[in-house]
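# An overview of the molecular structure
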Amino acid sequence: MMRFWNYFFLCVFAGMLSLPAVAQNEGGGVLPQGNKPFVVIIDPGHGGVDPGAKGKYSTESQVALGIGLKLGKMISEIPDVKVYYTRTTDALPGGGTNINAALRWRANFANRMGGNVFISIHCNSTKLIRHRELIGHKTEYVRVHHKRVKRRVPQYRYYTTQSLQQGTEVYVWGVSKDDDKNLALRENAPLLNDPEYKAMFDSSGSAINTIFWNTVQREYTKQSLALAADVENQFVKIGRVDRQVKQRQVGIWVLHATAMPSILIETGFINNPVEEDYLNTHQEELSTCIYNAFVNYLAGVKGETTAQVLAGGTTPVVAQKDNSHYSYKIQLLVSSNRYSVDDAKFSKLDGKISREKDKENDSTLYRYMFGSFGTNDDASRQLDMIRLMGFKDAFVVTFRNGKRIDQ
Ligand SMILES: [Zn+2]
């Protein structure tokens, strides 16, 4: 869960000063240069002194780490892809105890490692819902103009219940919504008047442009949206409640500070008991969804098929033109007995029976074959029926130019 004001203040007072420089000068961009591997930064949210949102028996920090490690393991099996984690244990990244410093560390780490995509994993949480219930009235006497007046005062019971919100949300750093843009400008106004800050950007044109509308960031947003939308798609496919992709200008500093396409996934509501169980027992399923979306994304930016991505970008070798003649037969049985092709055991079969003599060590074996088919499919279609007729071990044999090429 991203606490808005927490990240907002960090954004204003700590992060923004170094942000545009970071965004332009580091990170790996959408695709790696040359033959470098595609670098994926996996960022399990929170950790250590910062447990994040809490469920009945687990924390956001634990769930995010569990999903992050499983996801990383899957992604690291893809050829030419390298995975880095901002943390692999239940500790704040960077080794400190300051949550905001850890947040900056995550973004800097992602940029330093030359990340090509940044995937941050979190859980959602909602506040308790407050309820008020009328439980009766109390009689009170009050003085009004020196008179004693009887008054009925309603009595309430106050209690809270867990919100049962559920589902997933994926956030990207947004640049397209004017409202958000204005909000971001307004919220960051004190910083824009800061002399040190002004000096930093005087040479490179408008600071406002640099921060909010630079084309690089816009390109990242486009890619981030593509990945985010597919992550939600994958979640929908397995029946998760879709709370959709959301763009944010403020509050998610880490997404803007990373100079690469970045998404933040809220995998579910840990304060909802049903969702907490799901988040703890279905991490493999959640990771697989994110993995599938990542494979699609990688194929998209590389201009390859997902099969090529998973095979390491090797395009399938185009088969040499083959002038051989192929035919297919069904082998019925192998026996040391020499039966006639008209033998009663073959009488139920409607087709040509052939017998092949084979020497194996010192003994002579006879293979009994059925039919001759132009394609493997034609032969296979007959196979079930032939097995039902008692030739349980029958199988299809391929011949090239009349010569058997498999056993
Ligand atoms: Zn969180």
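Check the entry above for the structure.
This one's a predicted model, so the numbers in the text were calculated from it and none came from an experiment. (Residues numbered from 1 in each chain as written. Predicted model: local features only at pLDDT ≥ 70, side-chain atom pairs only at ≥ 80, totals over all residues. Heavy atoms only, no water.)

## Digging into the overall build of the protein
- Looking only at helices and strands, one finds 14 helices and 13 strands in the protein.
- Sorting the 407 residues of the protein into buried and exposed places 44% on the buried side.
- Sequence-distant contacts in the protein: of pairs separated by 6 or more residues, those separated by 24 or more amount to 74%.
- Summing over all exposed atoms, the protein offers an accessible surface of approximately 21600 Å²; the carbon and sulfur share of this is 50%. (Helix = DSSP H or I, 4+ residues; strand = E, 2+ residues; numbered from the N terminus. Buried < 20%, exposed > 50% of the residue type's maximum accessible area, 1.4 Å probe, protein only. Contact = heavy atoms within 4.5 Å. Areas by Shrake-Rupley, 256 points an atom, 1.4 Å probe, with all protein chains shown as cover.)

## Observations concerning the sheet that holds strand β11 (residues 363–373)
- The strand order β10-β11-β9-β12-β13 describes an open sheet built from five strands, whose pairing is antiparallel. Two strands close off the open sheet at either side, each with one partner strand: β10 (353–360) and β13 (403–404).
- Packed on one face of the sheet, helix α14 (residues 376–388) meets β9 (326–335), β11 and β12 (395–400) and runs near 25 degrees to β9. (Pairing = 2+ DSSP bridges. Axes fitted to C-alpha atoms, helices over the stretch in contact; angles between N-to-C directions.)

## Focus on the pairing of β12
- Inspection of the sheet shows β9 paired to β12 by six bridges, in the antiparallel sense. Paired with Tyr328 across the two strands is Thr398, which belongs to β12.
- In this sheet, β13 lies alongside β12 in antiparallel orientation, the contact comprising two bridges. Bridging across to β13, Phe399 finds its partner in Arg404.
- Hairpin connection between β12 and β13: a loop of two residues separates the two successive antiparallel strands, and Asn401 in this loop has a positive phi of roughly 50 degrees.

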